[in-house]
Structures are given as structure tokens and as C-alpha cells.
Amino acid sequence: MIVLKSPREIEIMRYANQIVAETHAYLAEVIEAGITTAEIDRLGEEFIRSKGAIPSFKGYRGYPASVCVSINEEVVHGIPSKKRTIKEGDIVSLDIGVFYDGFHGDAARSFGVGKVSKEAEKLLKVTEDSFYRGIERAFIGNRLGDISHAIQNHAEKNGFSVVRDYVGHGIGREMHEPPQIPNFGLPGRGPLLKAGMTLAIEPMLNAGSFEVKTLADGWTVVTKDGRLSAHYENTIAITEDGPLILSEV
Ligand code: MF3
Ligand code: CO
């Protein structure tokens, strides 16, 4: 069942998601070549807790960290490590979730460190743009498939592929609520969009094939062909006035 949220509940979710957005802004400032992914996680967790929130991911199904850090061919769920150092030319995806006053916020950003390849630059831009193409369709009376299709269409038109094995999701008192939100699909299909739906829309785009696999650590998802992947996610609310992005500063 898709749980609709009241305007008051959406306000609380906005607050939780503001903390997510602020954490992203803070980490984007501190990340540079030479920092370890464990340090990124430590700083992120400290920042989240300083705002009176709890990192949603830590301990979720045994995930050991607060910030997912996924580099280059890593798609999602990279585990921070003291042995992994960010290098010039890497593309880094950070996925952050927080729990505040009974609700979750969830957002991901991907960016280049220093000078990155032309392909990387284009992948980053098309991934972010595909999110916006999706929410352009996030109006009451449309269907979920309209969002999915717009994301897929933009990605594929630009020569990239859309990950099939991981999808976006409803979000609220639980981090993962119905409905699942694929980044591919057909217009006019799926649940009708209603006021009060709160959705984490999260395109994951690959430079090569959409196929992915999970590493032996049980978490890190990588592209099978070893080519680049990028991730962009926001929590949004469907309102009478259109889509409202909750996780932007
Ligand atoms: N943002 C991810 C999602 O939407 C959650 C990361 S999974 C975790 O599904 F285990 F790291 F929490
Ligand atoms: Co999510």
C-alpha cells in the first residue's frame, strides 16, 4: 500500500531531507584527491548526528556505514574503507539517508574529482538531467510509468543505459516503501500519482551495458563491463502544485 503523507508530515520530511542536502553540500566541499572513503563516511556521520538526526543506512540489513561511496564503475552501495583513496579524475557517487522525527530522507549525488574524461562529464550531466526529465512528469493524474519512461528515454537518447536491478522507491516512516520506481518503463502504466506521495527517484546510468553484479563484500554493485556509472537521487513529494523536491538546499 502506498502511504500518503499529510502536508504536516511532508514538512517533517522536508526537514529530514534538508539535513541530507546539507550533508551533501558539506561533503562536496571536503572531498578532494587523497581523502579516504572511510574519512568521507566519518565526516558525513558526524555532520548528520550534529543536526540531531540518525544515519538511516548504518546497520540497515547489516550495511556498515552512514554514507555509500561508489567510485567509477561502482554503481551503488560502495562500502567506505580506510584503504580506498579518492584520486584525481574519479567520479564519486555519495548516497545519504537520514532519519529525523520519525521520517527518512534520501538523496544521492555524483561528481567528478578534478579533471575527468569527456565521457564521465557527459554521464554525470545526463544522469542528473534524467532525474529532472522524470519529475517533469510527476504530476497528479499522471502514472508512475510516465516518470520511469522519461528517465529511460533521456538516458538512452544520449547513448547510456539504465540499471534494471536497482530502482527508486516510496519513502516516509520507512526508508523503502511501495511503490518501486524503475528508471525504465512505459508511459501510462503503473500507479496513478496522488497528492501526498513521497518518492525517492534515483536514476542509475551506465556508460556501457546495463548489466551489474555484486562484489564479494555482499554490497558493492559494479558494472559487469567495468565502464563508468553515475547515480542521482532526490526525495520528492507529489503536491497539488506539482512535484516538490525535498532534498535540495
Ligand atoms: N539510497 C539507497 C536506496 O535508496 C539505500 C542504500 S542501501 C543501504 O535504496 F544499505 F546502504 F542502506
Ligand atoms: Co533511495
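Please refer to the structure placed before this passage.
Please read all numbers here as calculations on a predicted model, not as lab measurements. (Residues numbered from 1 in each chain as written. Chains lettered and ligands numbered in written order. Predicted model: local features only at pLDDT ≥ 70, side-chain atom pairs only at ≥ 80, totals over all residues. Heavy atoms only, no water.)

K.L.:
Just checking my understanding: could you explain the coordination of the cobalt ion (ligand 2) for this structure?
P.N.:
Distances from the cobalt ion (ligand 2) to its protein donors, namely Asp106 (OD), His169 (NE2), Glu202 (OE) and Glu233 (OE), fall within the range 2.1 to 2.3 Å. Donor residues for the cobalt ion (ligand 2) sit on one chain with the sequence pattern D-x62-H-x32-E-x30-E. Separated by 96 residues along the polypeptide, Asp106 in strand β5 (residues 103-112) and Glu202 in the loop between β9 (198-201) and β10 (204-206) bring together distant segments of the chain. Judged by relative accessible area, which is 6%, Glu202 ranks as buried. (Donors = N, O, S within 2.8 Å, 3.2 Å for Na, K, Ca; no water. Helix = DSSP H or I, 4+ residues; strand = E, 2+ residues; numbered from the N terminus. Buried < 20%, exposed > 50% of the residue type's maximum accessible area, 1.4 Å probe, protein only.)

K.L.:
Please clarify how the side chain of His169 should be interpreted in this entry.
P.N.:
Summarising the element assignment, His169 is placed in strand β7 (residues 168-170). Relative accessible area serves as the criterion here: at 5%, His169 is assigned to the buried category. For His169, the side chain forms a polar contact with the main-chain oxygen of Met175, separated by 3.0 Å. Every residue in contact with His169, bar those within four places of it in the chain, is listed here: Asp106, Met175, His176, Glu177, Pro179, Ile181, Leu199, Ala200, Glu202 and Glu233. (Polar contact = N/O pair within 3.5 Å; in protein donor to acceptor, adjacent residues only side chain to side chain. Contact = heavy atoms within 4.5 Å.)

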